[in-house]
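# Structure at a glance
Now for the letters of each chain:
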Amino acid sequence: MKVKTILVSQPEPKIENSPYSRLIDKQKVKIDFRPFIHVEGVSARDVRHQKIDLTKFTAIILTSRNAVDHFFRVAEEMRFKVPDTMKYFCQSEAVAYYLQKYVVYRKRKIYVGKRTFQELSPLIKKYKDETFLLPSSDALKRAVPETLNSLNITWERGIFYKTVVSDLSDLRDVYYDILVFFSPSGIKSLLANFPDFEQNDTRIAVFGNSTIKATTEAGLRVDIKAPTPETPSMTMALAKYIDEVNKK
């Protein structure tokens, strides 16, 4: 079956001329964007119940923009003035750049990884005498605590925000040729909103091994996978698939 409509389970990209825009223009398909999950902050009271004392940490590990936002939100709610001596370990340049929303970049001790958490770990290991706080969501990749434990450092995890299933009830009678997922949480949201979901002719595109695993464990068929050596991005995988099926 030819592909005419696609639903991406993420917010619409804010940048102009995004890869999705080029896909729409080239393949003449309709693409809608709808977050299947959203983030809600945990209250300062709940953070205290986790026995998190912000005064005892000398370094913060930040893996995402959400981690940045919710660390400073909780600090404000607790009336904790983040000291100028605090060290920030950011997983990527994008996270470090976003940190400027809250601190004067050139006056702070900020250490930046390349992209993955494993690439950040050598920097953390260099400062093993620090006391680290990892503000995170309730859903955390297993590799993160495993990596931190392997470094023999003093660290604590605090759940500062949660991933929550979005209400998708208005999509019940809407059909798309392809559904695109980037996390197991997206699959969880699909089934929470539509427990009677039957895939039939709907194609499912997934990004990453953990999402593939969640999809197959849910009894769903994976039709499009990324990243692969040939298609390292989701938009490239979609373009390749659409080229193949729409030409038939």
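Look a little higher up for the structure.
Note that the coordinates shown come from a computational prediction; the quantities given were computed from them, not determined experimentally. (Residues numbered from 1 in each chain as written. Predicted model: local features only at pLDDT ≥ 70, side-chain atom pairs only at ≥ 80, totals over all residues. Heavy atoms only, no water.)

Before going further, it helps to examine the layout of surface pockets. Here the largest pocket is characterised by a volume of approximately 2,700 Å³. Gln 10, Ser 64, Lys 141, Phe 182 and Ser 183 are, among the 48 residues lining the largest pocket, the residues nearest its centre. Of the residues in the lining of the largest pocket, the class split is 21 nonpolar, 21 polar and six charged. As a volume, the second largest pocket reaches approximately 310 Å³. Together, 17 residues line the second largest pocket, and Leu 171, Arg 172, Val 174, Phe 194 and Phe 197 are the ones closest to its centre. For the lining of the second largest pocket, a count of residues per class yields 10 nonpolar, three polar and four charged. (1 Å grid on protein atoms, 1.4 Å probe; cavity = no way out; pocket = protein on both sides within 12 Å on 5 of 7 lines; lining within 4 Å. Points joined across faces, edges and corners; volume = space filled by probe spheres on them. Nonpolar A, V, L, I, M, F, W, Y, C, P; charged D, E, K, R; others polar.)

This part covers the sheet that holds strand E9 (residues 178–181). Judged by pairing direction, the sheet is parallel, and its five strands sit side by side in the order E2-E1-E9-E10-E11 without closing on themselves. The open sheet terminates on both sides in strands that have one partner only, identified here as strand E2 (30–33) and strand E11 (224–226). Each adjacent strand pair in this sheet contributes to an overall mean axis angle of 15 degrees, direction not counted. Pairing geometry for strand E1 (residues 5–8) and E9, over three bridges, is parallel. Across the sheet, the residue bridging to Ile 6 is Ile 178, located in E9. Contacts between helix H8 (residues 209–217) and the sheet are confined to E9, strand E10 (203–207) and E11, with E10 contributing the most and set at about 145 degrees to the helix. (Pairing = 2+ DSSP bridges. Helix = DSSP H or I, 4+ residues; strand = E, 2+ residues; numbered from the N terminus. Axes fitted to C-alpha atoms, helices over the stretch in contact; angles between N-to-C directions. Contact = heavy atoms within 4.5 Å.)

With that out of the way, let us pick up the packing of helix H5 (residues 117–126) against helix H6 (residues 143–150). Contact geometry of H5 with H6 gives a least axis separation of 10 Å together with a crossing angle of 25 degrees. Overall, the two elements H5 and H6 adopt an arrangement that is roughly parallel. Of the two elements, H5 crosses H6, and the hand of that crossing is right-handed. Taking contact as the criterion, the partners of Phe 117, Gln 118, Ser 121 and Ile 124 in H5 are, on H6, Ala 143, Val 144, Thr 147 and Leu 148. Each residue belonging to the contact of H5 with H6 can be placed in one class, and the counts come to five nonpolar, three polar and no charged. (Parallel < 35°, antiparallel > 145°, perpendicular 65-115°, else oblique. Left-handed = near helix turned anticlockwise from the far one by under 90°.)

Once that is clear, we can look at the packing of aromatic side chains. Here the structure, examined in full by the defined rule, presents 11 aromatic pairs. Measuring from centroid to centroid gives 4.8 Å for Phe 89 and Tyr 111, while their planes differ by 20 degrees, and the two rings are stacked. Linking Phe 89 in strand E5 (residues 87–90) with Tyr 111 in strand E6 (residues 109–112), this pair joins segments that are 22 residues apart in sequence. Taking relative accessible area as the criterion, Tyr 111 reaches 17% and is therefore assigned buried. (Phe/Tyr/Trp six-rings, centres within 6.5 Å; stacked < 30°, edge-to-face > 60°. Buried < 20%, exposed > 50% of the residue type's maximum accessible area, 1.4 Å probe, protein only.)

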